[in-house]
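One-letter residues, chain by chain:
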Amino acid sequence: MRSKFDNQLKELNDALVFLGSECEDCLTYAMQALVTGQKEMIERAMECEKNTDVKKREIQAMCMRLLQQQQPVAGDLRVISAALRMIIDMERIGDQGSDIAEISNHIDFTKNEYNKLITQMADITIKMLNTAVSSFVRRDTELAATVEKMDDEVDELFLKEKNILVDMMGSGEKTDRKTAEQTLEVLMIAKYFERIGDHTVNIAHSVKTMLNDGKTA
């Protein structure tokens, strides 16, 4: 019976890894949609977001079966609880990646001089997500802790980007309606990546709580 339960826990790990990978792909395609303007990248980001919704529901059902059909001990319950918290943040990351891709329909990001900071934010958040999921799979609190440090970089980049955009809007230069609208869209994209960083920190916190509670139990 326990071996069957352990196999199901492994399936849960694998499902979380897959969900994390779909979220990473969603962000990658969204950024490619911005940089290249290719409609295909938008469609791929949207497809990944749909996949994250499906996988989230599958993981929820998997966790419910583990709770109802097996007799999990305290350590198992911490793992299942962490997984249920993590998938909520992962789904939101997928949603925000899809939103970024959709915004790329309305702006010409390739001609903006301020896209470098957003590209850096995207690179860091994708790395954060990969690290957070890896910390769950490896049961590694130190790895989870590095996610928070990376989030500090994302927050700093967001503030720089916001200041650039606000200064541009307030300088009296390039303030025609179309440019103003695109500037606001770019600020929204930056905010999405800042929020994605926050959701990834939440994932890392879930891992740390799972592991630290186990030490104090």
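The structure displayed is predicted, hence computed values, not measured ones.

Enquirer: I tried to follow the packing of aromatic side chains on my own but got confused; where do I start?
Expert: Here a ring pair, both rings aromatic, is described through the centre-centre distance and the interplanar angle of the planes. Applying the stated criterion across every chain yields a total of zero aromatic pairs. Positioned above the aromatic ring of F136 is the side chain of R139, whose terminal nitrogen or guanidinium carbon lies 4.6 Å from the ring centre.

Enquirer: Would you mind going over the packing of helix α4 (residues 115-138) against helix α5 (residues 141-170) with me for this structure?
Expert: When two helices pack together, their arrangement is given by the angle between the helix axes and the distance between those axes. At a minimum axis separation of 9 Å, α4 and α5 run at an interaxial angle of 165°. The angle between the axes of α4 and α5 places the two elements in the roughly antiparallel class. Where α4 crosses over α5, the two elements pack in a sense that is left-handed. Of the residues contributing to the contact of α4 with α5, the split by class is 14 nonpolar, six polar and six charged.

Enquirer: Which parts of the structure should I look at to understand the environment of E22?
Expert: Structurally, E22 is set in helix α1 (residues 2-36). When the C-alpha positions of E22 and G97 are compared, they lie 11 Å apart, and in sequence the two are 75 residues distant. Leaving out residues up to four positions away in the same chain, E22 has contacts with C48, N51 and T52. A polar contact of 3.2 Å, which involves the side chain of E22, links it to the side chain of N51.

Enquirer: I'm lost on the side chain of S98 in this one. Help?
Expert: Looking at the element boundaries, S98 is found in helix α3 (residues 74-103). Overall, S98 belongs to the buried group, its relative accessible area being 7%. Among residues more than four places away in sequence, those in contact with S98 are C26, M46 and E49.

Enquirer: Help me out: how do you make sense of the nonpolar core in this one?
Expert: In summary, soluble globular proteins display a tendency toward joint burial of nonpolar side chains. Counting 64 residues, the largest nonpolar core has L12 and F193 as the members making the most contacts within it. When contributions to this core are tallied by element, the ones reaching two or more residues are α1, α2 (39-69), α3, α4, α5 and α6 (177-216). Excluding residues within four positions of it along the chain, L12 makes contact with I59, M62, C63, L66, V79 and A83.

Enquirer: So what exactly am I meant to see when it comes to a nonpolar patch on the surface here?
Expert: Together, M64, L67 and L77 make up an exposed nonpolar region whose accessible area comes to about 220 Å². Positionally, L67 belongs in helix α2. By relative accessible area, L67 is classed as partly exposed at 33%.

Enquirer: Mind showing me how you'd approach unusual backbone geometry here?
Expert: Excluding glycine, residues mostly carry a negative phi; peptide bonds, for their part, are mostly trans. Positioned with a positive phi, R139 is a non-glycine residue whose angle comes to about 55°. Among the secondary structure elements, R139 is positioned in the loop between α4 and α5. Residue classification places R139 among the partly exposed positions, given a relative accessible area of 33%.

Enquirer: Could you clarify how one ought to interpret the environment of M86 in this entry?
Expert: Assignment of secondary structure puts M86 in helix α3. With relative accessibility at 0%, the residue M86 sits in the buried group. Placed 15 residues apart in sequence, M86 and A101 show a C-alpha to C-alpha distance of 23 Å. Aside from chain neighbours lying at most four places away, what touches M86 is F136, I203, S206 and V207.

Enquirer: Would you mind going over the packing of α3 against α4 with me for this structure?
Expert: Across the interface, α3 lies against α4 with an axial gap of 12 Å and an inter-helix angle of 165°. Taken together, the axes of α3 and α4 lie roughly antiparallel to each other. In this structure, the crossing between α3 and α4 has a hand that is left-handed. In contact with V79, A82, M86, M90 and I93 of α3, α4 contributes L129, V133 and F136. Broken down by class, the residue content of the contact of α3 with α4 amounts to eight nonpolar, no polar and no charged.

Criteria and thresholds
Here the residue numbering is sequential within each chain, running from 1 through the sequence in written order. Selection of residues for local features in this predicted model requires a pLDDT of at least 70, selection of side-chain atom pairs for listing and counting requires 80 or more, and totals for whole chains, interfaces and linings are taken over all residues. Hydrogens and water are ignored here; the side-chain numbers use all heavy atoms of the structure. A pair of Phe, Tyr and Trp rings is counted when the ring centres sit within 6.5 Å of each other, with Trp represented by its six-membered ring. The angle between the planes then sorts it: under 30 degrees is stacked, over 60 is edge-to-face, the rest tilted. Remark: a charge is flagged as sitting over a ring if the NZ atom of Lys or the CZ atom of Arg is within 6 Å of the ring centre and within 35 degrees of the ring normal. To obtain each axis, a line is fitted to C-alpha atoms, and for helices this fit is confined to the stretch in contact; angles are then taken between N-to-C directions over 0 to 180 degrees. Put simply, DSSP marks the helices as runs of H or I at least four residues long and the strands as runs of E at least two long, and each gets a number from the N terminus on. To sort the angles, those under 35 degrees are grouped as roughly parallel, those over 145 as roughly antiparallel, those from 65 to 115 as roughly perpendicular, and the leftovers as oblique. We call a crossing left-handed when the near helix sits turned anticlockwise from the far one by less than a right angle, and right-handed when that turn is clockwise. Think of it as three bins: nonpolar holds Ala, Val, Leu, Ile, Met, Phe, Trp, Tyr, Cys and Pro, charged holds Asp, Glu, Lys and Arg, and polar takes everything else, Gly as well. Here a residue-residue contact requires only that any non-hydrogen atoms of the pair lie within 4.5 Å. Within 3.5 Å is the distance limit for a polar contact, defined as a pair of N or O atoms, with the added protein rule that one can donate a hydrogen and the other accept it, and that residues adjacent in sequence qualify only through two side-chain atoms. Three labels apply to residues, based on accessible area from a 1.4 Å probe with only protein chains included: buried if under 20% of the type maximum, exposed if over 50%, partly exposed otherwise in between. What we call a nonpolar core is a set of buried Ala, Val, Leu, Ile, Met, Phe, Trp, Tyr and Cys residues that are connected through their side-chain atoms within 4.5 Å. Patch membership requires over 30% relative accessible area and the absence of a salt bridge. Like charges are linked within 9 Å, and nonpolar side chains (Val, Leu, Ile, Met, Phe, Trp, Tyr) within 5 Å. To measure how exposed things are, a 1.4 Å probe is used in the Shrake-Rupley method; for residues, cover is taken only from the protein chains shown. By convention in these notes, a salt bridge is any Lys or Arg side-chain nitrogen within 4 Å of a carboxyl oxygen on Asp or Glu.

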